[in-house]
Amino acid sequence: MHEMSIALAVVDQVAGAARPDGAGTVHSVRLQVGELAGVVPDALAFSFSLACAGTVLEGAELVTEPVVARARCGSCADAWPVGMPPQLSCPGCGGASAELLSGRELQIVSVCWNDAPVHVPTHEER
């Protein structure tokens, strides 16, 4: 399940990010997930809750925003939703020179921090 490695990477990036003054823990993380990213949202949510344990993200909500896959034809410039399974030939002219415009995203869009600082035990304190 590669969703766990994605969740661990998100937790690592957020935990290492600069915090606003007074922020102690994370309330929520918004993540864009493209239709073609190969991510199962439920598996990612489950993995995220496990990956957050013992970090400043413990108890944080993961909000995923799906991004529809879209392509544009190199011949006629027509654009269309690719769908699943992906249709990469142009529905307008039948051309096969499609450029993928969206759908592969997997990025952190925003992090909502809580105001009250909370002590997170160091590795030595655990």
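Owing to the predicted nature of the structure, the values given are computational and were not obtained by experimental measurement.

Trainee: So what exactly am I meant to see when it comes to the UniProt feature "binding site: Zn(2+)" (unreviewed entry) in the protein chain here?
Mentor: As annotated in UniProt, the feature "binding site: Zn(2+)" (unreviewed entry) corresponds to C73, C76, C90 and C93 in the numbering used here. Spatial clustering of the annotated residues is evident: they stretch over 21 residues in sequence, but the largest pairwise C-alpha distance comes to 8.6 Å. Among the structural elements, C73 can be located in strand β3 (residues 70-73). Not counting residues within four places of it along the chain, the set of residues in contact with C73 comprises D78, W80, C90, C93 and S97. Among the secondary structure elements, C90 is positioned in the loop between β4 (79-81) and β5 (98-102).

Trainee: When you look at the nonpolar core in this model, what are you seeing that I'm missing?
Mentor: If you look at soluble globular proteins, the nonpolar side chains tend to sit buried side by side. Residues V10, V14, V26, V29, L44, F48 and L57 are the most contacted members of the largest nonpolar core, which totals 20 residues. Take this core: its biggest share by element is 5 residues, from helix α1 (residues 3-15). Counting residues in hydrophobic clusters, the runner-up holds 6 residues, among them A69, A71, W80 and C90.

Trainee: What should I look at first to understand the sheet that holds strand β6 (residues 106-113) in this one?
Mentor: Hydrogen bonds between backbone groups are what pair the strands of a sheet, and the pairing can be parallel or antiparallel. Reading across the sheet, the 3 strands line up as β2-β1-β6 and stay open at both edges, with mixed pairing between neighbours. Each edge of the open sheet carries a strand with a single partner, namely β2 (61-67) and β6. The average angle at which neighbouring strand axes cross in this sheet is 20°, direction not considered. Strand contacts of α1: β1 (26-34) and β6, with the helix running at about 45° to β6, the strand carrying the most contacts.

Trainee: Is there a simple way to explain the pattern of salt bridges in this structure?
Mentor: When charged atoms on two side chains of opposite charge get close, those side chains can pair. Enumeration according to the criterion identifies 2 salt bridges in this entry. Note that R30 and E65 form a salt bridge whose closest N and O atoms lie 2.6 Å from each other. Of this pair, R30 sits in strand β1 while E65 is found in strand β2, placing the two residues 35 residues apart along the sequence. The salt bridge partner of E99 is R72, with a shortest N-O separation of 3.0 Å. Of this pair, E99 sits in strand β5 while R72 sits in strand β3, and the two are 27 residues apart along the sequence.

Quick notes on the rules
- Here, residues in each chain are numbered from 1, in the same order as that chain's written sequence.
- Where local features are concerned, this predicted model is filtered to residues with pLDDT of at least 70; where side-chain atom pairs are given and counted, the filter is 80 or more; whole-chain, interface and lining totals use all residues.
- Side-chain measures here rest on the full set of heavy atoms in the structure, leaving out hydrogens and waters.
- UniProt positions are given in the numbering used here, feature names are shortened, and annotations may be inferred rather than shown by experiment.
- Only runs of H or I of at least four residues qualify as helices and only runs of E of at least two qualify as strands under DSSP, and these elements are numbered from the N terminus.
- We call two residues contacting when some pair of their heavy atoms lies within 4.5 Å.
- Throughout, nonpolar core names a set of buried Ala, Val, Leu, Ile, Met, Phe, Trp, Tyr and Cys residues whose side chains join them through atoms within 4.5 Å.
- Burial here depends on accessible area, computed with a 1.4 Å probe over protein chains only, as a share of the maximum for the residue type. Under 20% is buried, over 50% is exposed, and the range in between is partly exposed.
- Pairing between strands is defined by DSSP: at least two bridges between the two strands are required.
- The axes used here are C-alpha line fits, helices contributing only the stretch in contact, and every angle between their N-to-C directions lies in the interval 0 to 180 degrees.
- Definition used for salt bridges: Asp or Glu carboxyl oxygen within 4 Å of a side-chain nitrogen of Lys or Arg.

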